[in-house]
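Coordinates in review
Residues per chain, in single letters:
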Amino acid sequence: MQLSEIEQVSYNFHIRPILSDKCFVCHGPDANKRESDLRLDTEAGAYAALKEDPNHFVIKPGNIEESTVYHRIISEDPGELMPPPESNLALSNSEIQLIKKWIEQGAKYEPHWAFVPAEKSPIPVETDWTINEIDRFALKKMKEKGLQPNPEAKPTELIKRASLDLTGLPPSPEVLDRFGDFNGKLSYEDLLDGLLNDPGFGEKMAILWMDISRYSDSYGYQDDNIRTQWPYRDWVIHAFNENMSYDQFVTWQLAGDLLPDASKEQILATAFNRNHKYTEEGGVIDEEYRIEYVLDKTNTISKGLLGITIECAQCHDHKYDPFSQKEYYEMFAFFNNTPEKGYQGDVSQSKPAKTPILWVDQEDLSGILSFINYADTSKLSISVMGELDEQRPTYILDRGVYDAPTTEVEPSTPSSIMEFPADLEKNRLGLAKWITARENPLTARVFVNLMWQEIFGQGIVKSAGDFGMQGDLPTHPELLDWLAVDFMENGWDIKRLMKQILSSATYKQSAVITEKHLNTDPANLYLARAPRLRLPAENIQDLVLASSGLLVRTLGGPSLKPYMPEGIWEAATSGRGVLATYVQDKGDKLYRRGLYNFIKLTVPPPKAIIFDSSNRDRCEIGRSRTNTPLQALVMMNDPMILEASRVLAGKMWDEYKDGEIAISTSFKRIVCRDLSSKEKSILLSYYEDQLERFSENPDQVLPTLSVGEYPLEEKNINPETAALMQVIVSIYNLEETITKS
């Protein structure tokens, strides 16, 4: 936007980003790094008189001549110029002119937008295109940018898109036919209701939450032995499927053990806090690692639930956000009272859970914990939270070092976000109440933004884990706040929120990209089209298995060990413990959803990492999206892809005995639409070439089909099946297959 187009300069949206990038390092919140005791991050500091010359001011609102800051940023004297030339933070001419205009208009400071409680803005006017409030805000922004919304996507595209977004699974050909063009008895709303009630909804939502909660099946560090946290994963799936309100979902995970007469389910939920890494290496210092665990808990809560980077204040006052080191350790104090130890023995003494432990047996499965997919008759042990009888003192740690305590602090929260009420318990339950309070400006905003990111690929705030000064500004601030308030007003109802977004005309647009889109909004910030997004790594596996008919839809249970390239597991292990050698699972276990793949922290599933999965060693709330040759190689050569292709080819040949029909049916199962005439011609030609190859070289048929663990039936060993398999592999390799659009 040109300066001439800005009538009123906003501190939050125009000036603060400049000051944060160029000035706050030396003139911001960090008292230890502040130069000349001059602050530009607060109104009081900016309006102050100069110490060396009380007749002049840092900034004098409305008066350029008496505003020293302006003269320093335009100075031609290298000794006077700010920022200093050696800092490589020079202001551009447009930035200088913005600051000048802001001062002339009164240099009004505003509280940081994310730390002000959300309020509902007036809803823009309704039009023929809009369906709900989301569309009215989105259309207003489109028009401001000179954009018009795309037409609605085709019914088959919407069915596939909604199915992948809500369950992570493709719609079957039967579902596509049953809903048709939505002109029959079944509507688009019926589709959404069915998907939201499908057990796959909880599994799809759990992928994001496993990244946030840094869930894994091993302890990490060098020995990286096995642990049994998977009942917590089963609980998360259950909670999403039961549509537990988000405030309760958060409260149970933070402090379920502190609730009155806490049930085993509430205690199990606190495993969220215990998913971090644990050392089993001899000779370590117990207190050093205990402190590491508490730091991890503190950082996970701040990033995953509050969207702030308070971890920067572990060693010093935050350089950009108004968080002091004292406030960091006040947050730390909420988690510093658990009886867990930093070291409970080396790998030879390893246990599947660390103290405190929740024991679960089959009797609990028949009751309140019946959602746990119990694998055998043995008891299960899960690392959960507990509380010491007496409060452990908490100290500010000099430079964050475990054995350098300084000033003692009490549990509390950053005042810039919201004061911690005096009537709340000074423990994790009090913290949970603070986080889920209606007045907390961050919690609802952060979660609504995460759901938006899940669906549109990018949050209304792009930096979903950083709502602070260095984070991205919201593209649609009024929409974000309206959704956050509406979410809280309607009982923190997650399924309602998802249906609200997927029901919008904004969501239902086609993904067609025009020249206008590319020129005006190449990143699709203003939502004038649907995004084209690759599926998460786990859902790529799900799509392949589901479309081939191999998918086993059992919910929960112990993690499975899928196909793994030889040697990489053993190369990254210490050679001790039950995980020293990789033992692949067999049978039905191989064909479960990607969510259930075994996560060893030192060797995360390589295929998943190639497709941008989180490695789970810390809290992550957004994955990168890459496009690399390795991904194409996986789709062409991975045993699971080849096995699924062979199985589907066998089914299609057995059922149709006709190559053309088999190809068309397979394509619809995988891509979720009908073949075009051009596509049919290309694939049929390829099939005929491959059929000729295998007919002339029958000795190649069996090696081609003998991949994976699934039983190879004699009736499928023929050139036709081998040729179909090659065609199906090529269909799986279409970019459209693993893209929701």
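Report follows, based on the coordinates. (Residues numbered from 1 in each chain as written. Predicted model: local features only at pLDDT ≥ 70, side-chain atom pairs only at ≥ 80, totals over all residues. Heavy atoms only, no water.)

Comments concerning the overall build of the chain
As a reminder of what qualifies: Runs of E in the DSSP output that reach at least two residues are strands. Runs of H or I that reach at least four are helices, and both are numbered from the N terminus. The globule rule used here is 2.2 Å times the number of residues to the 0.38 power, and the radius of gyration it is set against is calculated over C-alpha atoms. In this scheme, a residue with accessible area under 20% of its type's maximum is buried, one over 50% is exposed, and one in between is partly exposed, where area comes from a 1.4 Å probe on protein chains only. Here, two residues are considered to be in contact whenever any of their heavy atoms come within 4.5 Å of each other. Only the protein chains shown count as cover for residues, with accessible areas throughout obtained via the Shrake-Rupley method and a probe of 1.4 Å. His is not counted here, nor are the chain ends, while Lys and Arg score as positive and Asp and Glu score as negative. For the purpose of locating charges, the reference atoms are NZ of Lys, CZ of Arg, CG of Asp and CD of Glu.
A tally of helices and strands in the chain yields 30 helices and six strands. Scaling as 2.2 N^0.38, a compact globule of 741 residues should have a C-alpha radius of gyration of about 27 Å, and the chain matches this with 29 Å. Counting only C-alpha atoms, the chain reaches 95 × 65 × 50 Å along its principal axes. Expressed as a percentage of its 741 residues, the buried residues of the chain come to 56%. Considering only contacts within the chain whose residues lie at least 6 apart along the sequence, 69% involve residues at least 24 apart. For the chain, the computed accessible surface area is about 30,700 Å², with 50% contributed by carbon and sulfur atoms. A distance of 2 Å separates the average location of the 78 positive side-chain charges in the chain from that of its 113 negative side-chain charges.

Things to note about the packing of helix α27 (residues 659-671) against helix α28 (residues 677-696)
The condition is simple: To get an axis, fit a line to the C-alpha atoms, keeping to the stretch in contact for a helix; angles then go from 0 to 180 degrees between the N-to-C directions. For classification, angles of less than 35 degrees are called roughly parallel, those exceeding 145 degrees roughly antiparallel, those between 65 and 115 degrees roughly perpendicular, and all remaining angles oblique. Whether a crossing is left-handed or right-handed is set by the direction in which the near helix is turned from the far one by less than a right angle, anticlockwise for left-handed and clockwise for right-handed. Throughout, the ten residues Ala, Val, Leu, Ile, Met, Phe, Trp, Tyr, Cys and Pro are labelled nonpolar, Asp, Glu, Lys and Arg are labelled charged, and all others, Gly among them, are labelled polar.
For the pair α27 and α28, interaxial distance at closest approach is 10 Å and the crossing angle is 125°. Considered as vectors, α27 and α28 are oriented oblique to each other. The hand of the α27/α28 crossing is right-handed. Side by side, α27 and α28 meet where G659, E660, I663, S664 and F667 of the first sit next to E679, K680, L683, L684 and Y687 of the second. Tallied by class, the residues present in the contact of α27 with α28 amount to five nonpolar, two polar and three charged.

Comments concerning the packing of aromatic side chains
Note the following rule: What counts as a ring pair is set by centres within 6.5 Å for rings of Phe, Tyr and Trp (its six-membered ring), and what kind of pair is set by the plane angle: stacked under 30 degrees, edge-to-face over 60, tilted for all other angles.
Enumeration according to the criterion identifies 33 aromatic pairs in this entry. With a centroid separation of 5.5 Å and an interplanar angle of 10°, the aromatic rings of W235 and F249 are classed as stacked. Note that W235 is positioned in helix α11 (residues 230-241) and F249 in helix α12 (residues 246-255), a separation of 14 residues in sequence. Judged by relative accessible area, W235 falls into the buried class, the value being 0%. Judged by centre distance (4.6 Å) and plane angle (50°), the ring pair of Y278 and Y293 falls under tilted. Taken together, the residues span a long stretch of sequence, with Y278 in the loop between α13 (264-269) and α14 (286-304) and Y293 in helix α14 at a distance of 15 residues.

Things to note about the nonpolar core
Proteins that are soluble and globular tend to have nonpolar side chains buried together. Note the threshold: Residue types Ala, Val, Leu, Ile, Met, Phe, Trp, Tyr and Cys, when buried and joined through side-chain atoms within 4.5 Å, form a set referred to as a nonpolar core.
Ranked by size, the top nonpolar core spans 124 residues in total, and within it W209, W235, Y246 and L254 carry the most contacts. Considering each element in turn, this core owes the most residues, nine residues, to helix α18 (residues 443-456). Excluding residues that lie within four positions of it along the chain, W209 makes contacts with Y232, V236, F240, Y246, F249, Q253, F272 and L305. Listed in part, the 50 residues of the second largest apolar core include A608, I641, A649 and Y687.

Quick word on a nonpolar patch on the surface
What counts here: Patch rule: a residue counts if its relative accessible area is over 30% and it has no salt bridge; like charges are joined within 9 Å, and nonpolar side chains (Val, Leu, Ile, Met, Phe, Trp, Tyr) within 5 Å. The salt bridge definition used is simple: a Lys or Arg side-chain nitrogen within 4 Å of an Asp or Glu carboxyl oxygen.
On the surface, L630, L633 and M636 cluster together to form a nonpolar patch covering roughly 270 Å² of accessible area. Note that L630 resides in helix α25 (residues 629-637).

Observations concerning the pattern of salt bridges
Scanning the entire structure with this criterion turns up 47 salt bridges. The residue K508 makes a salt bridge to E152 at a minimum N-O spacing of 3.9 Å. Highlighted residues: K508 in the loop between α20 (494-502) and α21 (515-520) and E152 in the loop between α6 (133-144) and α7 (155-167), separated in sequence by 356 residues. The closest approach of N and O atoms between D674 and K668, which form a salt bridge, is 3.7 Å.

Observations regarding helix α10 (residues 200-212)
To keep it simple, the criterion reads: To estimate how far a helix should reach, multiply one less than its number of residues by 1.5 Å. Two axes are fitted around each residue, one to the seven residues ending there and one to the seven starting there, and the angle between them is reported as the bend at that residue.
Relative to the 18 Å expected for 13 residues at 1.5 Å per residue, α10 spans 19 Å between its end C-alpha atoms, a close match to the ideal helical length. The largest bend along α10 measures about 30° and falls at A206. Within α10, 13 of the 13 residues are buried, leaving the element largely enclosed by the surrounding structure. Two residues or fewer past α10, R214 is found with a positive phi of approximately 45°.

Topic: unusual backbone geometry
P83 follows M82 through a cis peptide bond whose omega is -10°. Along the chain, the position of P83 falls in the loop between α4 (68-73) and α5 (93-104). Following T355, the chain continues into P356 via a peptide bond in cis, with omega recorded as -5°. For N524, which is not glycine, the phi dihedral falls at a positive 55°. Mapped onto the elements, N524 comes out in the loop between α21 and β5 (533-534).

Considerations on the side chain of D466
For the record, the criterion: Each polar contact in these results corresponds to two N or O atoms within 3.5 Å; when the atoms are within protein, one needs to be able to donate a hydrogen and the other to accept it, and residues that are neighboring in sequence are counted only if both atoms are side-chain atoms.
Tracing the backbone through its elements, the reader meets D466 in the loop between α18 and α19 (477-489). The side chain of D466 is buried and forms no salt bridge, while R16, the nearest opposite charge, is found at 8.5 Å. Within the structure, D466 has its side chain in polar contact with the backbone nitrogen of G468 (distance 2.8 Å). When sequence neighbours within four positions are dropped, the list of residues in contact with D466 reads G307, T309, D321, V461, G471 and D472.

Description of the packing of α19 against α20
In helix packing, the relevant descriptors are the interaxial angle and the interaxial distance, both defined with respect to the helix axes. Contact pair α19 / α20: the axes reach a minimum separation of 10 Å and the direction vectors enclose 145°. For α19 against α20, the interelement crossing comes out right-handed. Two secondary-structure elements touch here, α19 through W482, L483, D486 and F487 and α20 through I494, R496, L497 and Q500. Class assignment for the residues of the contact of α19 with α20 results in five nonpolar, one polar and two charged.

Considerations on the environment of A528
Among the structural elements, A528 can be located in the loop between α21 and β5. Along the backbone, A528 and S510 are 18 residues apart, and their C-alpha atoms lie at a distance of 9.2 Å.

Some thoughts on a negative patch on the surface
Taken together, E688, D689, E692 and E696 make up a surface patch of like negative charges. Mapped onto the elements, E692 comes out in helix α28.

Brief notes about the pairing of strand β2 (residues 380-383)
Filter applied, for reference: A pair of strands is considered paired only if DSSP assigns at least 2 bridges between the two.
Residues of β2 alternate between two faces, with L380 and I382 on one and S381 and S383 on the opposite face, all of them buried. Note: strand β1 (residues 357-360) against β2, four bridges, orientation antiparallel. Its bridge partner being in β2, L358 is matched across the sheet by I382.

Quick notes on α20
Burial runs high along α20: seven of the nine residues are buried. Among all positions of α20, only I494, K495, L497, M498, Q500, I501 and L502 are buried. Its side-chain oxygen placed 3.2 Å from the backbone nitrogen of K495, D493 serves as the N-cap of α20.

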